[in-house]
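Summary of structural features
Listed here are the chains, written in short residue letters.
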Amino acid sequence: QVQLVESGGGLVQAGGSLRLSCAASGRTFSSRTMAWFRQAPGKEREFVAAISRSGAGTYYADSVKGRFTISRDNAKNTVYLQMNSLKPEDTAVYYCAAGRNGLRLEDRGDLYDYWGQGTQVTVSS
């Protein structure tokens, strides 16, 4: 069992930055691919970024590539999402997700077993 708790969301102006954190419980954090997804009002959930178990590999949605950076600290059981050059279209609830054991970098939400409660990010124009 893995429990995930996101933090760091808030209101920011376009062009600004935010850093999201996701703290995980349990002893299997370092063995799981981790990812961030987001869901805007009236839209389907979409993939944002994923990071491999060691942190050496990352994968980004085209919409955030070059602006967002995913990282992890396995000693702290925490994954991060640094978001720079934010745009109004980045406004959404951001969710942290933990992949099933052995999962590679994937953008399909159904391959992730555990989800946090989400944190709201609002970017004003």
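Refer to the structure presented above.
A short tour of the structure in this document, coming up. (Residues numbered from 1 in each chain as written. Predicted model: local features only at pLDDT ≥ 70, side-chain atom pairs only at ≥ 80, totals over all residues. Heavy atoms only, no water.)

1. A look at the overall build of the chain
Secondary structure assignment for the chain yields zero helices and 11 strands. Listing the helices and strands of the chain from first to last along the sequence gives β-β-β-β-β-β-β-β-β-β-β. Against the compact-globule benchmark of 14 Å for 125 residues, the chain has a radius of gyration of 13 Å, which places it among compact chains. In terms of its C-alpha atoms, the chain occupies a principal-axis envelope of roughly 40 × 25 × 25 Å. For the chain, the proportion of its 125 residues judged to be buried stands at 46%. Considering only contacts within the chain whose residues lie at least 6 apart along the sequence, 59% involve residues at least 24 apart. Only carbon and sulfur atoms are counted for the fraction: they give 44% of the accessible area of the chain, which is about 6400 Å². (Helix = DSSP H or I, 4+ residues; strand = E, 2+ residues; numbered from the N terminus. Rg over C-alpha atoms; globule rule 2.2 N^0.38 Å. Buried < 20%, exposed > 50% of the residue type's maximum accessible area, 1.4 Å probe, protein only. Contact = heavy atoms within 4.5 Å. Areas by Shrake-Rupley, 256 points an atom, 1.4 Å probe, with all protein chains shown as cover.)

2. So, unusual backbone geometry
One non-glycine residue with positive phi stands out, namely Asn77, at about 50°. As for its placement among the helices and strands, Asn77 is situated in the loop between strand S7 (68-73) and strand S8 (78-83). In this model, Ser85 sits at a positive phi of 50°, which is unusual for a non-glycine residue. With respect to the helices and strands, the residue Ser85 is situated in the loop between S8 and strand S9 (92-99). When its relative accessible area of 41% is taken as the criterion, Ser85 is described as partly exposed.

3. Let's talk about the sheet that holds strand S3 (residues 18-24)
Spatial ordering of the open sheet is given by S1-S3-S8-S7, a layout of four strands whose pairing is antiparallel. Each edge of the open sheet carries a strand with a single partner, namely strand S1 (4-7) and S7. Here the strands of the sheet are splayed against their neighbours by 15° on average, with no regard to which way each runs. As paired elements, S1 and S3 share four bridges and run antiparallel to each other. (Pairing = 2+ DSSP bridges. Axes fitted to C-alpha atoms, helices over the stretch in contact; angles between N-to-C directions.)

4. Description of the packing of aromatic side chains
Taken as a whole and judged by the stated rule, the model has four aromatic pairs. Ring centres of Phe37 and Tyr112 lie 5.4 Å apart, and the angle between their planes is 75°; on these two criteria the pair is classed as edge-to-face. Of the two residues, Phe37 sits in strand S4 (residues 34-39) while Tyr112 sits in strand S10 (residues 112-115), which places them 75 residues apart along the sequence. Given the relative accessible area of 1%, Phe37 is considered buried. A centroid spacing of 5.0 Å and a plane angle of 55° characterise the contact between Phe37 and Trp115, whose relative ring orientation is tilted. One end of the pair, Phe37, is in strand S4; the other, Trp115, is in strand S10, and 78 residues separate them in sequence. The rings of Phe37, Phe47, Tyr59, Tyr112 and Trp115 are connected pair by pair, giving a single aromatic cluster. (Phe/Tyr/Trp six-rings, centres within 6.5 Å; stacked < 30°, edge-to-face > 60°.)

5. Concerning the pairing of S9
Among the eight residues that make up S9, six are buried, leaving the element largely enclosed by the rest of the structure. Two strands pair when backbone bridges link them, and S4 and S9 are joined in this way by six bridges, in the antiparallel orientation. Paired with Met34 across the bridge in S9 is Ala98. In this sheet, S10 lies alongside S9 in antiparallel orientation, the contact comprising three bridges. In the sheet register, Gly99 faces S10, and the bridge partner there is Tyr112.

On their own, these measurements won't tell you what the molecule is for.
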